[in-house]
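Residues per chain, in single letters:
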Number of protein chains: 4
Amino acid sequence: MINQQALEKLVAENRAITATGTVASYIPKLKEKNPSDLGIYVFTEDGAEYGAGDYNTKFTIQSISKIFVFALAVMDNGEREVFKLIGVEPTGDSFNSIANLELKDTHKPYNPMINAGAILATSMIHGNNKKEKFNRILDLIRACCGNSSLEINESVYHSEKDTGDRNRALAYFIKSYGLIEDEVDNVMDTYFKQCSIEVTCRDIAHAAWIISNNGVNKRTGQRVLSQRICSILKTVMFTCGLYDASGSFALDVGMPSKSGVGGGILSTTNTGIGIGVYGPALDQKGNSVAGAAMLKAISRDNGLAIF
Amino acid sequence: MINQQALEKLVAENRAITATGTVASYIPKLKEKNPSDLGIYVFTEDGAEYGAGDYNTKFTIQSISKIFVFALAVMDNGEREVFKLIGVEPTGDSFNSIANLELKDTHKPYNPMINAGAILATSMIHGNNKKEKFNRILDLIRACCGNSSLEINESVYHSEKDTGDRNRALAYFIKSYGLIEDEVDNVMDTYFKQCSIEVTCRDIAHAAWIISNNGVNKRTGQRVLSQRICSILKTVMFTCGLYDASGSFALDVGMPSKSGVGGGILSTTNTGIGIGVYGPALDQKGNSVAGAAMLKAISRDNGLAIF
Amino acid sequence: MINQQALEKLVAENRAITATGTVASYIPKLKEKNPSDLGIYVFTEDGAEYGAGDYNTKFTIQSISKIFVFALAVMDNGEREVFKLIGVEPTGDSFNSIANLELKDTHKPYNPMINAGAILATSMIHGNNKKEKFNRILDLIRACCGNSSLEINESVYHSEKDTGDRNRALAYFIKSYGLIEDEVDNVMDTYFKQCSIEVTCRDIAHAAWIISNNGVNKRTGQRVLSQRICSILKTVMFTCGLYDASGSFALDVGMPSKSGVGGGILSTTNTGIGIGVYGPALDQKGNSVAGAAMLKAISRDNGLAIF
Amino acid sequence: MINQQALEKLVAENRAITATGTVASYIPKLKEKNPSDLGIYVFTEDGAEYGAGDYNTKFTIQSISKIFVFALAVMDNGEREVFKLIGVEPTGDSFNSIANLELKDTHKPYNPMINAGAILATSMIHGNNKKEKFNRILDLIRACCGNSSLEINESVYHSEKDTGDRNRALAYFIKSYGLIEDEVDNVMDTYFKQCSIEVTCRDIAHAAWIISNNGVNKRTGQRVLSQRICSILKTVMFTCGLYDASGSFALDVGMPSKSGVGGGILSTTNTGIGIGVYGPALDQKGNSVAGAAMLKAISRDNGLAIF
């Protein structure tokens, strides 16, 4: 049963787990977050919505942006073009791995949920210049989140830019194989901006709810994403959404999900439920440790696992 | 609509695709198979069953055995013990890869669907000796396939044994980290035997039907596998069942599946449908090329994809 | 016996081998070189010098610059500081490999003869700005080559800059581990410039002669490099000077050598002999194919191998 | 100056360094050695010989056997045949690495000084059966060491056999590419035996002296190895003799050397000097820590470095 009381209990029971994680430190600005924060927001099948804990706290979307940018890349270029450049195979490597790009004959990013594939997806977004490209990304994220006031957090954006050398290495590596047309600086600027968009649990829960309903906002009847895009996103999230913890997350939680080092996890279903959690204390693989624990519990208690 | 006529049409329409694949050659005995063979067998939600094409041709189960041996390893040792030794993370590497066992700090096979993890699972099967261990595996496969007369193909078994050096390398490598207690020769003997069990499309479709029904034989009411085991198997098949083509298969077909280099693919669902296909002509990643094409078509035409 | 006649014969006998190689294509400007060019220049123990073939043709120094920049990095920072950041271990990987920087725990370039290590060495050169840093490199190369008129080839320099994304990837990767202080753009500008310095066979033969004489110009008595630097350079060239062909070159030729994709190879000895060869047709590992053949012959005929 | 007094001083000054290392533990029998043991033995250019410290203590030859087995493989099969199967490129990987055998297209062991290449060399030794093959290896080692009473240490041999799974994995991996004809069990039995031959510092110093004199015993005038074999051995030892510490050893010591996890290091020169050291306390890369320190000191004090 998912209701206000259940969510309050969930947050209360899992808050202590935040102590076992660490706030992301590789982007200095992220370190300022309160490690014991924990929040959850749920849209249910029947259109109700509930939030508990720090569900109103803003955090940067980080890698959760990858699903929207990937969706937009497919919308802009078609599946065929996108899958020519970016694979859909899960990989056992960490999110910022570069080794396999060299070691495998294809030199093709494994999937759009790891940084290499996500940077490539960003480079494929249509637009006359980087401002236009970013605005199109922001518009889609706003539409999915049902929140037209989403903006980037400027100080996180600058912090990402200052410390984004590993991502630049990935971008230049991909570009050296001729896969990126634009200037790396432009692509990375858009990439750092998309990661710096600030959201709350409700925002990402709303997007999860849209995806769960195959792209349609059940309240307004408006279509935000095509059914096919939602099917692709759910599949890719299920197999690759939590980096090199995707497999164990599929087993433990069983919902298509995407995490970000900002502490958010977006989880969706086939049944019209959308969930957003936030907890900036991360486990070693970069996923919200208490957020994942709450998702495991709510999935188990309500039979939300796909299998 | 799944019926006799639809399946006949499916085989007819996809038979030509067999010409684009190659029969597995690394085990000499497998080379003798007819590359243009193609068959399918389906158990439907309402208890009907249909077969078309070469659905009656026997082939060796090969890697499809991995799901049953993994199930038995979990039944014998518990999830906790098994997951201590074997991961559940998909990997972008090929089925017989050894590199990551060395390069990653854990030295732990990524998942039970690649050879390293499957060999380790075999080593965990309970029994007083290798004969007893193999018989317990055979019994479970017979029960799942609903066919008590399944036996190994002796000449394939000997062929596997003669050419199994890469698998022996994997076994010794894992043993060097103390993960295998038994003698490698014993474990490999059981492993080669389990791969050599002969089945038909109906046999594996039956097993897929059992798994789809959460472990219960809907006709007899008998429970063959626990619900939890079925949930684990479907999850692991979905994320890792087709080696380094698992991701694109999840997108194209969308059913939890397991392939073998003998040419079989077992595909299951959440809705009581079980499918077995056979076509020994394989694509470059070791999966039945026309079998996969049939699964893609039947999934698309009947909405069988999980997402 | 090394004399004019012997060198003429050497060039004549090995010219045909140029047809088995290919001019470097990854830097467009390099492609314009004549693939059948072949030249050699030798300074002998007794102070004589001979040139044959296209010994007067200018070519860009490319990776041969790595030994001078490494020498200068050691002179500027001391062995201890340099070896903290850059290893001296040969590696079986290709010159522009990035994989092991990630896979190995140290994240430390293996040696200063591969691109990653060379870029790091460039970043360690002292100077108030990039112009001053490059001029210090140019001065050392001029001094070693005994040619104060050496300059960069502007069009090659711009071509390198236009196509240097793989090297930028290496630089950003290294910087992401905090090993590079300066801006990557500055470091790469200096790196591309140092690679674009134009030399002839005589220039690099002169430098080889200086190194062979432990850093002293035997004619003028002037010390150009310290004895210790020469000892380090010879050791590192012998073990790592020809990328992933260093071992077979050590066996076939047996002289400490450094090759560049411009087609040059600098070869030195312990006995006061310095050799420079030029042939832009390269083998698959990026070394002058006919140049290496000449070095093998001259080494064998004159007992120049160190072992 | 190398004399009795100098060697005594060397041992005295470096004995304390033994405390910074650890006796090899992966072969249980090796653990029983006294970690503070340290000895050295030198044959000088003028035919004198001196020993100091624990130069009379027996230890197993371990990987030092690789140079003799490689020499015999070349003598039995010719350079061309051997280099078809085994490379001569140094590698930055550890001695028992398997990853690159898979990741590189050639699937060829990098060089005969790492385990994969050494096992392959052992498999190429001529003989009608494994006993004959091993006896031919033992005979060559006896001849080089000038000691016809060398035998294997039975308990180390059995200990190696009991714990040799990683080496068996390497052997089966190589065999899976068709590179080994014989049964793996036979090859490994010979390999474990050759590693278990017991020697003293004098024995390996004698072999180093033979190699330094290009294969001739200067006292008897007898030729033990061909000049070409000695040239090959010195080159390969210099570039690959100390595993992934070969490069820094070349810089620090500068003598062609081969180490073994039994604690021995054989060091040779071009000038008729042969050195054997023993100290079972190893550094992290598997080389005698105090033995290497003594070699560094004796090289520096007597100008023994090749460059």
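Worth saying up front: this structure is predicted, and the values here are computed from it rather than measured. (Residues numbered from 1 in each chain as written. Chains lettered and ligands numbered in written order. Predicted model: local features only at pLDDT ≥ 70, side-chain atom pairs only at ≥ 80, totals over all residues. Heavy atoms only, no water.)

Caption draft 1: How the structure looks around the interface of chain B and chain A. Listed per partner, the contact involves 28 residues of chain B and 28 residues of chain A. On the chain B side of the interface with chain A, the three residues burying the most area are Glu 89, Leu 251 and Phe 307 of chain B, jointly 33% of the side's total. Scanning the region where chain B abuts chain A turns up zero salt bridges. Linking chain B to chain A there are ten residue pairs in polar contact (both at pLDDT 80 or more). Elements supplying a minimum of two residues to the side of chain B that touches chain A: α10 (227-240) and α11 (246-252) of chain B. Broken down by element, the side of chain B that touches chain A gets its largest block of residues, seven residues, from α10 of chain B. (Contact = heavy atoms within 4.5 Å. Buried area = accessible area lost by both parts, 1.4 Å probe. Salt bridge = Lys/Arg side-chain N within 4 Å of Asp/Glu carboxyl O. Polar contact = N/O pair within 3.5 Å; in protein donor to acceptor, adjacent residues only side chain to side chain. Helix = DSSP H or I, 4+ residues; strand = E, 2+ residues; numbered from the N terminus.)

Caption draft 2: Representation of the sheet that holds strand β2 (residues 39-43) of chain C. Residues and elements named next belong to chain C. As summarised here, the arrangement of the five strands in space is β3-β2-β8-β7-β6, forming an open sheet in which the pairing is antiparallel. Two strands lie at the open edges of the sheet, namely β3 (49-53) and β6 (257-259), each paired on one side alone. For this sheet, the mean inter-axis angle between neighbouring strands, taken without regard to orientation, is 10 degrees. Relative to strand β8 (residues 274-278), β2 runs antiparallel, the two being bridged by five bridges. Across the sheet, Ile 40 pairs through a bridge with Val 277, a residue of β8. Across the sheet, helix α1 (residues 4-14) touches β2 and β3, and the angle it forms with β3 is around 25 degrees. (Pairing = 2+ DSSP bridges. Axes fitted to C-alpha atoms, helices over the stretch in contact; angles between N-to-C directions.)

Caption draft 3: Highlighting the relation of the copies chain B and chain A. In the superposition of chain B on chain A (RMSD 0.0 Å, axial shift 0.0 Å), the rotation amounts to 180 degrees. On this basis, the relationship between the two copies can be described by a two-fold rotation axis. Nearest to the rotation axis, the C-alpha of Thr 91 of chain B is located 2.2 Å from it, this being the minimum over chain B. (Least-squares fit on C-alpha atoms with pLDDT ≥ 70 in both.)

Caption draft 4: Highlighting the relation of the copies chain B and chain D. Each copy superposes on the other: chain B lies on chain D with an RMSD of 0.0 Å after a rotation of 180 degrees and an axial shift of 0.0 Å. Most of the interface of chain B is mirrored in chain D, where 100% of its interface residues again form contacts.

Caption draft 5: Representation of the packing of helix α2 (residues 65-85) of chain A against helix α10 (residues 227-240) of chain A in the model. All names here are of chain A. Their axes nearest at 11 Å, the elements α2 and α10 cross at an angle of 105 degrees. Relative to α10, α2 is oriented roughly perpendicular. Here Ile 67, Phe 70, Ala 71, Val 74, Met 75, Glu 79 and Phe 83 of α2 come into contact with α10, specifically with Arg 228, Ile 229, Ile 232, Leu 233, Val 236 and Met 237. Split into classes, the residues belonging to the contact of α2 with α10 amount to eleven nonpolar, no polar and two charged. (Parallel < 35°, antiparallel > 145°, perpendicular 65-115°, else oblique. Nonpolar A, V, L, I, M, F, W, Y, C, P; charged D, E, K, R; others polar.)

Caption draft 6: The arrangement of the interface of chain B and chain D in detail. Contact residues are listed per partner, giving 15 residues for chain B and 15 residues for chain D. Carbon and sulfur atoms supply 63% of the area buried between chain B and chain D, which totals about 1,400 Å² over both sides. Counting across the interface, chain B meets chain D through two salt bridges. Across the salt bridge formed by Arg 166 of chain B and Glu 102 of chain D, the nearest N and O atoms sit 3.1 Å from each other. Joining chain B to chain D, the criterion identifies ten residue pairs in polar contact (both at pLDDT 80 or more). Residues belonging to the side of chain B that touches chain D are distributed by class as follows: seven nonpolar, three polar and five charged.

Caption draft 7: Examining the packing of aromatic side chains more closely. The tally for this structure, following the rule as stated, stands at 44 aromatic pairs over all chains. Between Phe 59 of chain C and Tyr 278 of chain C, the aromatic rings sit 4.4 Å apart at their centres with planes inclined by 5 degrees, giving stacked as the arrangement. Linking Phe 59 of chain C in strand β4 (residues 59-60) with Tyr 278 of chain C in strand β8, this pair joins segments that are 219 residues apart in sequence. For the pair Phe 59 of chain C and Tyr 278 of chain C, a shared accessibility class is recorded, and that class is buried. Considering the side-chain rings of Phe 70 of chain C and Phe 83 of chain C, the 6.1 Å spacing of their centres and the 50 degrees angle between planes classify their relative orientation as tilted. We classify Phe 70 of chain C as buried; its relative accessible area is 1%. On the accessibility criterion, Phe 83 of chain C (18% relative accessible area) is buried. Over the face of the ring belonging to Phe 134 of chain B we find Lys 193 of chain B, whose NZ or CZ atom lies 5.7 Å from the ring centre. (Phe/Tyr/Trp six-rings, centres within 6.5 Å; stacked < 30°, edge-to-face > 60°. Buried < 20%, exposed > 50% of the residue type's maximum accessible area, 1.4 Å probe, protein only. Lys NZ or Arg CZ within 6 Å of the ring centre and 35° of its normal.)

Caption draft 8: Quick look at the sheet that holds strand β6 (residues 257-259) of chain D. Residue and element names in this part refer to chain D. What the five strands build is an open sheet, ordered β3-β2-β8-β7-β6; its pairing is antiparallel. The open sheet is flanked by β3 (49-53) and β6, the only strands paired with a single partner. Put simply, the sheet's adjacent strands are angled 10 degrees from each other on average, direction ignored. Against the sheet, helix α12 (residues 289-302) touches β2 (39-43), β7 (264-268) and β8 (274-278), its axis set at about 150 degrees to β8.

Caption draft 9: Structural detail: the pattern of salt bridges. Inspection of every chain in the model, using the stated rule, returns 68 salt bridges over all chains. Of the charged contacts, one joins Glu 79 of chain D and Arg 228 of chain D as a salt bridge, the two residues approaching to 2.7 Å between their closest N and O atoms. Placement of the pair is Glu 79 of chain D in helix α2 (residues 65-85) and Arg 228 of chain D in helix α10 (residues 227-240), with a sequence separation of 149 residues. Taking the relative accessible area as the measure of exposure, Arg 228 of chain D reaches 36% and is therefore partly exposed. Ionic contacts of the salt-bridge type, sharing partners, join the residues Lys 130, Lys 161, Asp 189 and Lys 193 of chain A into one network.

Caption draft 10: Representation of the domain arrangement of chain A within the structure. Residues and elements named next belong to chain A. Annotation of chain A at the domain level lists domain 1 (4-62 + 198-302) and domain 2 (65-195). One C-alpha centre belongs to domain 1, the other to domain 2, and the line joining them spans 21 Å. Counting residues at the interface gives 31 residues for domain 1 and 39 residues for domain 2. A combined buried area of about 2,900 Å² lies between domain 1 and domain 2, and 69% of that area is made up of carbon and sulfur atoms. The three residues of domain 1 that bury the most area against domain 2 are Gln 62, Glu 198 and Tyr 243, which together make up 17% of that side's buried surface. The interface formed by domain 1 and domain 2 includes one salt bridge. (Domains from an automatic or database assignment.)

Caption draft 11: Local environment of a negative patch on the surface. Taken together, the side chains of Glu 183 and Asp 185 of chain A together with Glu 183 and Asp 185 of chain C define an acidic patch exposed on the protein surface. Position of Glu 183 of chain C relative to the elements: it lies in the loop between α7 (165-176) and α8 (184-195). (Patch = residues over 30% accessible without salt bridge, like charges linked within 9 Å, V, L, I, M, F, W, Y side chains within 5 Å. Areas by Shrake-Rupley, 256 points an atom, 1.4 Å probe, with all protein chains shown as cover. Lys, Arg positive; Asp, Glu negative; His and termini not counted. Charge placed at Lys NZ, Arg CZ, Asp CG, Glu CD.)

Caption draft 12: Fine view of the side chain of Ser 65 of chain C. All names here are of chain C. Along the chain, the position of Ser 65 falls in helix α2 (residues 65-85). For Ser 65, a relative accessible area of 0% puts it in the buried group. A polar contact of 2.7 Å, which involves the side chain of Ser 65, links it to the backbone oxygen of Gln 62. Setting aside chain neighbours within four positions, we find Ser 65 in contact with Ile 141, Gln 194 and Cys 195.

Caption draft 13: Molecular detail of helix α5 (residues 130-145) of chain A. Residue and element names in this part refer to chain A. Taking 1.5 Å as the rise per residue, α5 with 16 residues should run 22 Å; its terminal C-alpha atoms sit 22 Å apart, in good agreement. Buried within α5 are the following residues: Lys 133, Phe 134, Ile 137, Leu 138, Leu 140, Ile 141, Arg 142, Cys 144 and Cys 145. On its buried side, α5 packs onto α2, α8 (184-195) and α9 (201-212). One or two steps after α5, the chain reaches Gly 146, where phi turns positive at roughly 60 degrees. (Expected span 1.5 Å × (residues − 1).)

Caption draft 14: A look at the environment of Thr 20 of chain C. All names here are of chain C. For Thr 20, the location among the structural elements is in the loop between α1 and β1 (22-23). Here Thr 20 falls in the exposed class, since its relative accessible area comes to 59%. Expressed as a C-alpha distance, the spacing of Thr 20 and Val 289, which sit 269 residues apart in the sequence, is 7.4 Å. A distance of 2.7 Å separates a polar atom in the side chain of Thr 20 from the backbone oxygen of Ile 17.

Caption draft 15: How the structure looks around the pairing of strand β3 (residues 49-53) of chain B. All names here are of chain B. Pairing analysis gives five bridges linking strand β2 (residues 39-43) to β3, with the strands arranged antiparallel. Within β3, the residue paired with Ile 40 across the bridge is Ala 52. Hairpin geometry of β2 and β3 is characterised by an intervening segment of five residues between the two adjacent antiparallel strands and by a positive phi of about 90 degrees at Gly 47.

Caption draft 16: Spatial organisation of the side chain of Arg 168 of chain C. Examined against the element boundaries, Arg 168 of chain C turns out to sit in helix α7. Those residues in contact with Arg 168 of chain C, other than ones at most four positions away along the chain, are Tyr 172 of chain A together with Lys 161, Met 188 and Phe 192 of chain C.

Caption draft 17: Representation of the pairing of β2 of chain B within the structure. By the criterion of burial, β2 of chain B is predominantly enclosed, with five of the five residues buried. The alternating pattern of β2 of chain B places Gly 39, Tyr 41 and Phe 43 of chain B on one face and Ile 40 and Val 42 of chain B on the opposite face, and all of these are buried.

Caption draft 18: Layout of the state of the cysteines. Taken as a whole, this structure holds zero disulfides over all chains when the rule is applied. Take Cys 195 of chain A: it sits in no disulfide, and the sulfur closest to it among the cysteines is that of Cys 145 of chain A, at 14 Å. Sulfur of Cys 144 of chain D: no disulfide; nearest cysteine sulfur belongs to Cys 145 of chain D and is 6.7 Å away. (Disulfide = S-S within 2.5 Å.)

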